[in-house]
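# Residue-level structure breakdown
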Amino acid sequence: MKRVLFTAALLLVPRAAFAQELPKDPSQPVDSQDTEHDVRIVGNKADSLQKVPGSGTVITEEQLKRQQPVDTAEVLRRIPGVQVRQEFSGGSRIDISIRGLESGRSRRVLMLEDGIPIALNPYSEPDLNHAPVIENYRAIEVVKGSGNILFGPQTLAGTINFVTINPPDHQTVVADADYGSYNYFRGLARYGDTLMNGDVRYVVQVLDRHGDGFRDQPFNQIAALGKVIFPTGKGGEARLKLGFQQDDAASDDIGLTSAMYAANPRRPTLSPDAHSIMNRYDVSLIHDQELGEHTKLKTLVYGYQSDRIWRRPDWTRSPQAGDGYLRIDGDPGITNGAVYFENSNTILDRDYTVFGIEPRVEHRMKTLGVEHTLDFGGRALQENAHYQQRSGSYPQTYSGALDFEQKRTSYATAGYIQDRMAFTDKLLVTPGIRVEYVSSSTFTLRQSDADMYSRGTKPTTGVIPGIGMVYGTKEASVFANMHYGFAPPRITSSISAKGQGMQLEGDRGISYEIGTRNAMLPYLRAELTGFLSNYSNQVDVNPNVDTGDGQLADVGATNIYGIETGESLLIDKLLKLQTIVELGVRYTFSHATFRYGPMQGNYLPYAPLHSINANFDVEHRSGLGGQIAYTFVSNQFADGANTKVEDVTGIVGEIASHQIFDATLHYRWAKTGLTFRLTGKNVLDTTYIIARRPEGIFPGPFRQLIAGLRWEWENMKKE
Amino acid sequence: MIVVRRVFILGLVAAAIVLVAFGCVGESTWERCYAGDYISCSCDGGDFGYAQCLPGDKTFSACVCNGQTPGLDAATDAKADQ
């Protein structure tokens, strides 16, 4: 394979290119671990972002260390254009949205870990059913705009790549523990060392996190990560990673009615027996090989398996005469005012496997005075899914009688090429194209309580061109780009207890970006991006709540435009202070509407017009530091009709704007390696509605206070 | 300086204990009885009956075994029973 790719590279490269001496790549990203000054402020990555033909953000290792986040959402909220909802209870879910696209299970964002897809089935069911564990990561990268076409299969609003921790180059021990409200506990242990005179480095980390949940939904999360880096000969290095995650958590599908929320917004879950258990196993091997002075080959080989079983007690809002119900919550005197829980449940038992290989080549050359950086590569991927849906005869069972069974297999191949052309030190033009092909076969083995056999196959091809331009220096630049937006056809993820998956068409559209980054003043860094996306079809939550049942649907043509901006004021540099004092503010305006049909001009469901987040960080050289973070999300609608008035069930109605404050205080005692930490999430204890789907009102997390202690020890003597 | 640091650390630890204790008290109380809700109960002959959560004292009423499902009118229920 290497030879084939290298030969292909040679055919694409004029021979004369090798004879020319190339300067060090000015657009090469700087690794966060190797620098100190590039890691403090989001947006201070003009040199590395210049490589990306579009807007992007890097959350660096230094920022993560300083922030010491409790969850991944805390970090992602600091990125312009990104909306996040995360709960450890409620199925340990994370819902990420970029620029107004649908957020459920982060399915509209391409989610990667070390460049490898992490969704259940990246092509046919790109849902993220596990929340990535923030403790596993040392950096997070976000790419928007035409930079997306290097990745895939989805090239919609953005790509998020979690960069896992690296093994240390000397013996290191980390122990970390938190305890807080709702019996929240987190314990972490990490050990890293070297072997064979430092040639081989490894790290092992285990984590346990459990608690009662803010709505009396207990959760238990166990995660483990092991990583080994070893040389593979001259100019070669390999990284072997093994991972495991188990999320065992209460997870309900029925929210509060309007009257319940009005009476007590802190009312616990109505369905305490709803529960899900998810196990995820992953293994990957990433090999880097230098193929001469100007060529690098990176090969990713990976496989992962996820199994999830989710039991959901059956309920109805329309009681049937003669049926008995275990509980009746709400007001049965009002139509749809009560929820009737039956003495039965529905069990969704699903497992998924993914195998993939991705060779990626980067080759630099110079022709006719233009420096080229060619990125090209491909992917071969197989994904499988197995669905079983069963009916249980009591709410707590995981057994039950088989109602529905389906298997699905997809074979996908992809290829891409991108040429980053540096016409001058200031002008980069980056055209590229990506081609995706996927063939999905579905085998239905049982339906409507009867065995059957039906097979359907659906091939899909996507051609995704894009081009971007950057003009300027690392201190100040402007950029513009466009790309074709594509997401493969997918199976819906059934939300209703008795619902079954449906085949959707997928997303198609064109996206444009124009923006600027400025770091000319030593104390101010700013970026501003305008964006426009026209989709001929978009997959979103069914805008008709009467028939949609919370499921995804092809909602037709949509239009999304807006601006996002991020500014960081380095007050310490402005006032020449010894203490680090920084203020960061990010604002997003996203106007996402239907283009045609009866809902023309209406806002897409769950697409807020405005969002703001800000942080104020202080870090004294004594080790004392802290942060205050502020988040504002404007009002949203739950349906395509943009219904303002709340209905009885709580499913329909405007979702009011909300604002929350988080705060952290810490002290690092460098001499001992100890760090003391206090974290307050939603410190003002604001109650707000975070969603009305799938069936009713779900409140946002209440105030949570957490105290933590961390100990780090490094054996520097070995060096 | 050392004294200041020790005082600060002690203060931080004390604050942590107080805050966590404050943050935990009374927040994890599962209540099954919300005024107006019903819970099923057994009647003679194994039929379903319903007890209603009473306002104020968070207790349930006596089991009502009239063959009716709250929210359905008596005529509908009676017709179904036939």
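Residues numbered from 1 in each chain as written. Chains lettered and ligands numbered in written order. Predicted model: local features only at pLDDT ≥ 70, side-chain atom pairs only at ≥ 80, totals over all residues. Heavy atoms only, no water.

### Re the side chain of asparagine 615 of chain A
Residues and elements named next belong to chain A.
- When you line up the elements, asparagine 615 lands in strand 28 (residues 610-619).
- A distance of 3.1 Å separates a polar atom in the side chain of asparagine 615 from a polar atom in the side chain of aspartate 617.
- Apart from the residues within four sequence positions on either side, asparagine 615 is in contact with Arg78, Glu582, Leu583, Gly584, Arg586, Ile628 and Ala629. (Helix = DSSP H or I, 4+ residues; strand = E, 2+ residues; numbered from the N terminus. Polar contact = N/O pair within 3.5 Å; in protein donor to acceptor, adjacent residues only side chain to side chain. Contact = heavy atoms within 4.5 Å.)

### Some points on the state of the cysteines
Residues and elements named next belong to chain B.
- Going through the model one piece at a time under the given rule, you end up with three disulfides over all chains.
- Note that cysteine 33 is cross-linked by a disulfide to cysteine 53, the S-S spacing being 1.9 Å. With the S-S bond torsion at 100°, the cross-link from cysteine 33 to cysteine 53 turns out right-handed. Residue cysteine 33 is found in the loop between helix 1 (2-24) and strand 1 (38-42), and its partner cysteine 53 is found in the loop between strand 2 (48-52) and helix 2 (74-81); the two are separated by 20 residues along the sequence. (Disulfide = S-S within 2.5 Å.)

### What to know about the sheet that holds strand 4 (residues 110-113) of chain A
All names here are of chain A.
- Pairing within the open sheet is mixed, and its five strands lie in the order 1-6-7-4-5. Strand pairing shows two members of the sheet lacking a second neighbour, strand 1 (56-59) and strand 5 (116-117), which therefore form its edges.
- Alignment of strand 6 (residues 137-144) against strand 7 (residues 158-164), held across seven bridges, turns out to be antiparallel. By the bridge assignment for strand 7, valine 143 is matched with threonine 159. (Pairing = 2+ DSSP bridges.)

### A few points about the pattern of salt bridges
Residues and elements named next belong to chain A.
- All chains considered together, the criterion is met by 36 salt bridges over all chains.
- Aspartate 127 serves as the salt-bridge partner of arginine 107, at 3.1 Å between the closest nitrogen and oxygen. Remark: aspartate 127 occurs in the loop between strand 5 and strand 6 and arginine 107 occurs in the loop between strand 3 (93-98) and strand 4; sequence separation between them is 20 residues.
- Members of the salt-bridge network, linked through shared partners, are Glu135, Asp176, Asp178, Arg186, Arg209, Arg677, Arg710 and Glu712. (Salt bridge = Lys/Arg side-chain N within 4 Å of Asp/Glu carboxyl O.)

### Some points on the environment of aspartate 44 of chain B
- The topology assignment puts aspartate 44 of chain B in the loop between strand 1 and strand 2.
- Distance in space between the C-alpha atoms of aspartate 44 of chain B and cysteine 65 of chain B is 8.2 Å, their sequence separation being 21 residues.

### Considerations on the nonpolar core
All names here are of chain A.
- Counting 34 residues, the largest nonpolar core has Leu76, Ile96, Met111, Ile140, Ile160 and Phe162 as its most contacted members.
- For this core, the elements supplying multiple residues, two or more each, are helix 5 (72-76), strand 2 (82-87), strand 3, strand 6, strand 7, strand 23 (524-537) and strand 27 (580-594).
- When sequence neighbours within four positions are dropped, the list of residues in contact with isoleucine 140 reads Thr57, Val58, Ile59, Val75, Leu76, Ile134, Ile160, Asn161 and Phe162.
- By size, the runner-up hydrophobic cluster in this structure holds 18 residues, among which are Trp315, Phe341, Tyr606 and Ile690. (Core = buried A, V, L, I, M, F, W, Y, C linked by side-chain atoms within 4.5 Å. Buried < 20%, exposed > 50% of the residue type's maximum accessible area, 1.4 Å probe, protein only.)

### As for the pairing of strand 29 (residues 624-633) of chain A
Residues and elements named next belong to chain A.
- Buried residues dominate strand 29, accounting for eight of its ten residues.
- Sheet topology places strand 28 next to strand 29; nine bridges connect them, and they run antiparallel. Across the sheet, the residue bridging to isoleucine 612 is phenylalanine 632, located in strand 29.
- Linking two consecutive strands that pair antiparallel, namely strand 28 and strand 29, is a turn of four residues; a positive phi of about 110° is found at glycine 623 within it.
- Examined bridge by bridge, strand 29 and strand 32 (residues 658-669) share ten bridges and lie antiparallel to one another.

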